[in-house]
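A look at the structure
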Amino acid sequence: MIDFKSQGGINLGEKFVADATLARLGWAVPAVTLTLAMLIHWLSGDARAVPFFISESDYPGPQRIIFTSGIFVSGFIICTVAFRMWWTQRQESRPKLLFISMLCGFYTGVNISLMAFANMYDFLEFHIFTALGVFQVGMAWALVAHFALPNAEKNGKILRWIAMIVSFISFNVMTSTLANAVKGMTSAEAQDALIELTPLQSAIDIAAPAEYFLVIGLFLAIASFESDLQAKEIISKESE
């Protein structure tokens, strides 16, 4: 039986997972997953060009197995982190904002799990939809959580600010670079270019690294919750 409302963490049957560990898994699992998938994609010679978008590593072969399984699990972990942030901080927060933050976390996590099966080669439009859900709502999650927790741990606040700045700049660089690359093309030409990607490689040389920093920013946002959850965990132990 799973208990998501345990003190200091969650119970998975007989196994207990502390809240701080959950937050760490929330960024570590997808970070390891994406790094391995991208390395295999590159070293196996399947990479179309370098640099390439992260989702290009969701390619038939061992990299797809790693990408799909790791990202699917990551979505569930992130949903759990969002819930535990709300559950543990709800008494000392701006409750409405914290609830909205939790919903943003759920939406981010669900889209991550959906993206695991919506590879860009077979489901491009749905892949873009889920990816934008992760990037845009993921940034909103960090922003709303920041204002919902006025008494948050200092380290968490600083890390969230860094995460939001890195993510915002990277997202705008990535999207504006791609938008400029397809400017002047018809919708059909732009669609073909996005499918083939090679005609856009000069833009991808900038957009892909920007995407890497965008994802790192989202990882930092999730990591910022660790100090807040850990502080609550310590208080819970002292009150026992």
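Since this is a predicted model, take the numbers as computed values, not measurements. (Residues numbered from 1 in each chain as written. Predicted model: local features only at pLDDT ≥ 70, side-chain atom pairs only at ≥ 80, totals over all residues. Heavy atoms only, no water.)

Quick look at helix α3 (residues 95–115) now. Over its 21 residues, α3 extends 30 Å from the first C-alpha to the last, a length consistent with the 30 Å expected when each residue adds 1.5 Å. For α3, the set of buried residues is L98, S101, M102, C104, G105, T108, G109, N111, I112, S113 and M115. The secondary structure elements touched by the buried residues of α3 are α2 (62–89) and α4 (124–148). (Helix = DSSP H or I, 4+ residues; strand = E, 2+ residues; numbered from the N terminus. Expected span 1.5 Å × (residues − 1). Buried < 20%, exposed > 50% of the residue type's maximum accessible area, 1.4 Å probe, protein only. Contact = heavy atoms within 4.5 Å.)

On to the packing of helix α1 (residues 19–43) against α2. Their axes nearest at 8 Å, the elements α1 and α2 cross at an angle of 160°. Relative to α2, α1 is oriented roughly antiparallel. The two elements α1 and α2 meet at a crossing, and its hand is left-handed. Of the residues in the contact of α1 with α2, the class split is 16 nonpolar, eight polar and two charged. (Axes fitted to C-alpha atoms, helices over the stretch in contact; angles between N-to-C directions. Parallel < 35°, antiparallel > 145°, perpendicular 65-115°, else oblique. Left-handed = near helix turned anticlockwise from the far one by under 90°. Nonpolar A, V, L, I, M, F, W, Y, C, P; charged D, E, K, R; others polar.)

Strand order in the open sheet made by the three strands is β1-β2-β3, with antiparallel pairing throughout. Whereas interior strands pair on both sides, the edge strands pair on one side only; in this sheet they are β1 (2–3) and β3 (15–18). Here four bridges tie strand β2 (residues 9–12) to β3, and the two strands are oriented antiparallel to one another. In the strand pairing of β3, I10 is matched with V17. Strand contacts of α1: β2 and β3, with the helix running at about 75° to β3, the strand carrying the most contacts. (Pairing = 2+ DSSP bridges.)

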